[in-house]
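# Notes for the structure review
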Amino acid sequence: MPFREINSKMVEATVVPGQRMFSQRGAMLAYRGDVTFTPNMAGGQGGVMSMIGRRVAGEATPLMTVEGNGTVMFGHGGHHIQVIGLTGDTLYVEADRLLAFDGTLEQGTMFMGSQGGVMGMVRGQVTGQGLFTTTLKGHGAVAVMAHGGVVELPITPGRPVHVDPQAYVAHHGDVRNKLSTALGWRDMVGRGSGEAFQLELSGSGAVYVQASEEKL
């Protein structure tokens, strides 16, 4: 795993010749050695189509390509950082929560409606998050940002996990998502989020939940 957790809000990554990383713009705090940072308008290994998806979702901020020989410290806005290791599966995460990730991971974009149907689209409207979610697939590590700390909840067959949509950070594994209303429409008057809606995740994998419902 290329990331070493310095504290809850900073991670250090080792950059070696012939390999690259991607980071969110403005995430570099300090570095040692011969390291370069270049804006990457192609959106990582997802290429042009990935970037098109990001632009449609309002997520067109370019990633930075990190290359060279040295170490880099990453952090952003004082947010809590969670390092997630992937062993061939796919991580689903909002693009604005990505701090940095291995260049070996294949990046793509998934339309939330493709998993959650109409209710998946409602999730994007309710939380203010995009209808598109970034996907990262392969073997490597990802550093994501959240508010107030993160807990990893396992998802096992027959035992779905219900999450407040605004507390959702990311998930991975063979997981289906479905948004449902926990209250009647009359009870929801004046409520734009919170317990009025629940994101149900079922299957086999894990979901990461943040302690605060603040948006990044």
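Residues numbered from 1 in each chain as written. Predicted model: local features only at pLDDT ≥ 70, side-chain atom pairs only at ≥ 80, totals over all residues. Heavy atoms only, no water.

With that out of the way, let us pick up the overall build of the protein chain. For the protein chain, the helix and strand inventory stands at two helices and 13 strands. Taking all 216 residues of the protein chain together, the buried fraction comes to 50%. Of the contacts made within the protein chain by residues no fewer than 6 positions apart, 81% connect residues no fewer than 24 positions apart. (Helix = DSSP H or I, 4+ residues; strand = E, 2+ residues; numbered from the N terminus. Buried < 20%, exposed > 50% of the residue type's maximum accessible area, 1.4 Å probe, protein only. Contact = heavy atoms within 4.5 Å.)

Let's shift gears to the side chain of Asp 164. The residue Asp 164 is located in the loop between strand 11 (161–163) and strand 12 (168–181) in this model. At 2.9 Å, the side chain of Asp 164 forms a polar contact with the backbone nitrogen of Gln 166. (Polar contact = N/O pair within 3.5 Å; in protein donor to acceptor, adjacent residues only side chain to side chain.)

A few words on the packing of aromatic side chains. How two aromatic rings sit relative to each other is set out by the distance from centre to centre and by the angle between their planes. Enumeration according to the criterion identifies two aromatic pairs in this entry. Here Phe 22 and Phe 101 contribute two aromatic rings whose centre-to-centre distance is 5.6 Å and whose plane-to-plane angle is 35 degrees, an arrangement assigned as tilted. With Phe 22 in strand 3 (residues 20–24) and Phe 101 in strand 7 (residues 98–102), the pair connects residues that are 79 residues apart, well separated along the chain. Overall, Phe 101 belongs to the buried group, its relative accessible area being 1%. (Phe/Tyr/Trp six-rings, centres within 6.5 Å; stacked < 30°, edge-to-face > 60°.)

What follows covers the nonpolar core. Ranked by internal contacts, the top residues of the largest apolar core, which has 17 residues, are Phe 3, Val 11, Met 21, Val 66, Phe 74 and Leu 99. The set of elements that each furnish at least two residues to this core consists of strand 2 (10–15), strand 5 (63–74), strand 6 (80–93), strand 7 and strand 9 (132–146). Judged by nonpolar contacts, the second largest core, of 16 residues, contains Phe 22, Leu 91, Leu 98 and Leu 136. (Core = buried A, V, L, I, M, F, W, Y, C linked by side-chain atoms within 4.5 Å.)

Close approach of charged atoms allows side chains with opposite charge to pair. Under the defined criterion, the tally for this structure stands at two salt bridges. The salt bridge partner of Arg 4 is Glu 12, with a shortest N-O separation of 3.1 Å. On the basis of relative accessible area, Arg 4 is assigned to the partly exposed category, the value being 48%. Using a relative accessible area of 11% as the deciding quantity, one classes Glu 12 as buried. Of the charged contacts in the structure, one is a salt bridge between Glu 12 and Arg 32, with a shortest N-O distance of 3.0 Å. With Glu 12 in strand 2 and Arg 32 in strand 4 (residues 28–40), the pair connects residues that are 20 residues apart, well separated along the chain. (Salt bridge = Lys/Arg side-chain N within 4 Å of Asp/Glu carboxyl O.)

Attention now goes to the environment of Ala 141. Locating Ala 141 in the fold gives a position in strand 9. Among the residues examined, Ala 141 registers a relative accessible area of 1% and is labelled buried. Remark: the alpha-carbon pair of Ala 141 and Ala 100, spanning 41 residues in sequence, is separated by 8.7 Å.

This part covers the confidence of the model for the protein chain. Residues at a pLDDT of 70 or more form 70% of the protein chain, whose mean pLDDT is 79. Mean pLDDT across the elements of the protein chain ranges from a minimum in helix 1 (residues 47–56), with 44, to a maximum in strand 2, with 96. Counting contacts from residues 116–130, a segment whose pLDDT is below 50, to residues more than four positions away or on other chains yields 34 contacts. Within the model, the stretch residues 188–194 combines pLDDT values under 50 with 12 contacts to residues more than four positions away or in other chains. (pLDDT = per-residue confidence, 0-100.)

Time to look at the environment of His 76. Its place among the elements puts His 76 in the loop between strand 5 and strand 6. Of the residues examined, His 76 reaches a relative accessible area of 26% and is grouped as partly exposed. Taking the C-alpha atoms as reference points, His 76 and Met 28, 48 residues apart in sequence, are found 8.0 Å from one another. Ignoring anything within four residues of it in the chain, the contact list for His 76 reads Gln 24, Arg 25, Gly 26, Ala 27, Leu 99 and Met 145.

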